[in-house]
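Structural characterization, general
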Amino acid sequence: MMGPSHALSGAAVWLAGSWALDQFADYQQSPLALAVGTAVCAGGALFPDLDLSGKVTRNQGGATVARTFGVFSLFVAEVMEKISLGVYYATKLSKDPRRNNGHRTLTHTIPFTLLVGWGTTALCAAYGKWAVITILFFMFGLALRGLFDGWAERAGWVIVTLASAGAAWFTFVNLPGGRGYPLIGTAVGVGCFVHILGDMITRAGVPILWPIPIRRRMWTMIGLPNSIALRTGSKTEVVVLRAVLTVIAVLSTAGLIAPSVLQRFNIDV
């Protein structure tokens, strides 16, 4: 899927999950915590495509995540792509095909998702708010680049970077410690997993079962049959899928916000 669709899917899943926890587990979040979790999950849903690099010297190409912070993120994407390709060749079996890039390999696996989610939580626990503000800065940038792709493209990476820094600092000042920090790692991990599920419905598929060998293949691509799989950038994705995700996000937000608004006016629900 394209970057904006990935980001929107992350936001929709986080909002829907938050609504379900509120309704069935009585787990309530403050408006700031909900907004932060939604933005981080949207950013996390772009993170696996960091293995799709562009042209660093020209500040061109690459996935949405690679273009977020200009040359810097393009360089990081270049490094991640090479690492992913290296892991592919280090673990491939006889039936795995030759590749010239690492896209949809390491970063599109369950172990990577678990590592990123756990690593984020561990950093927040070990280094507190300074780790939190750094992670939020990066994730907010990805969320802005994905959810507001048209605006971000026109504004340029410098404005996106400044906006991300401002949002991260505001959250740094106002976000309380305690239970809010583990949710950041959870949101990143959930976003990465949602990304993998999104790519599974496209024609290329993802190696979600890695490192389980299947018929002398370590990197078996799992996805829908091509006859029903989603074509990246098609009208089905851009119009239909995004419309469905938007409806889910809006309804979930309404379900979370409406009760508190009604209670302020002493209206029982």
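- An unreviewed UniProt entry lists the chain under the name Metal-dependent hydrolase, with Micromonospora acroterricola as the source organism.

1. Focus: the overall build of the chain
- For the chain, the count of helices and strands is ten helices and two strands.
- Starting at the N terminus and walking to the C terminus, you meet the elements of the chain as α-α-β-β-α-α-α-α-α-α-α-α.
- Along the first, second and third principal axes, the C-alpha atoms of the chain reach 65 × 40 × 35 Å.
- Burial statistics for the chain: of 269 residues in total, 45% are counted as buried.
- Sequence separation of 24 or more characterises 70% of the internal contacts of the chain that already satisfy a separation of 6 or more.
- Surface summary for the chain: the accessible area is close to 13600 Å², and the carbon and sulfur share equals 68%.
- Across the chain, the 21 positively charged side chains and the 12 negatively charged ones have centroids separated by 10 Å.

2. Remarks on the packing of helix H1 (residues 3-24) against helix H2 (residues 31-44)
- For the pair H1 and H2, the least separation of the axes is 7 Å and the interaxial angle reads 145°. In the packing of H1 onto H2, the handedness of the crossing is right-handed. Of the residues in H2, those in contact with Ala7, Gly10, Ala11, Trp14, Leu15 and Ser18 of H1 are Leu34, Gly37, Thr38, Cys41 and Ala42.
- Counted by class, the contact of H1 with H2 contains seven nonpolar, four polar and no charged residues.

3. Let's talk about the side chain of Thr113
- Summarising the element assignment, Thr113 is placed in helix H5 (residues 110-127).
- When its relative accessible area of 7% is taken as the criterion, Thr113 is described as buried.
- When neighbours within four sequence positions are excluded, Thr113 is seen to be in contact with Gly189, Cys192, Phe193 and Ile196.

How each quantity is defined
- Residues numbered from 1 in each chain as written.
- Predicted model: local features only at pLDDT ≥ 70, side-chain atom pairs only at ≥ 80, totals over all residues.
- Heavy atoms only, no water.
- Helix = DSSP H or I, 4+ residues; strand = E, 2+ residues; numbered from the N terminus.
- Buried < 20%, exposed > 50% of the residue type's maximum accessible area, 1.4 Å probe, protein only.
- Contact = heavy atoms within 4.5 Å.
- Areas by Shrake-Rupley, 256 points an atom, 1.4 Å probe, with all protein chains shown as cover.
- Lys, Arg positive; Asp, Glu negative; His and termini not counted.
- Charge placed at Lys NZ, Arg CZ, Asp CG, Glu CD.
- Axes fitted to C-alpha atoms, helices over the stretch in contact; angles between N-to-C directions.
- Left-handed = near helix turned anticlockwise from the far one by under 90°.
- Nonpolar A, V, L, I, M, F, W, Y, C, P; charged D, E, K, R; others polar.

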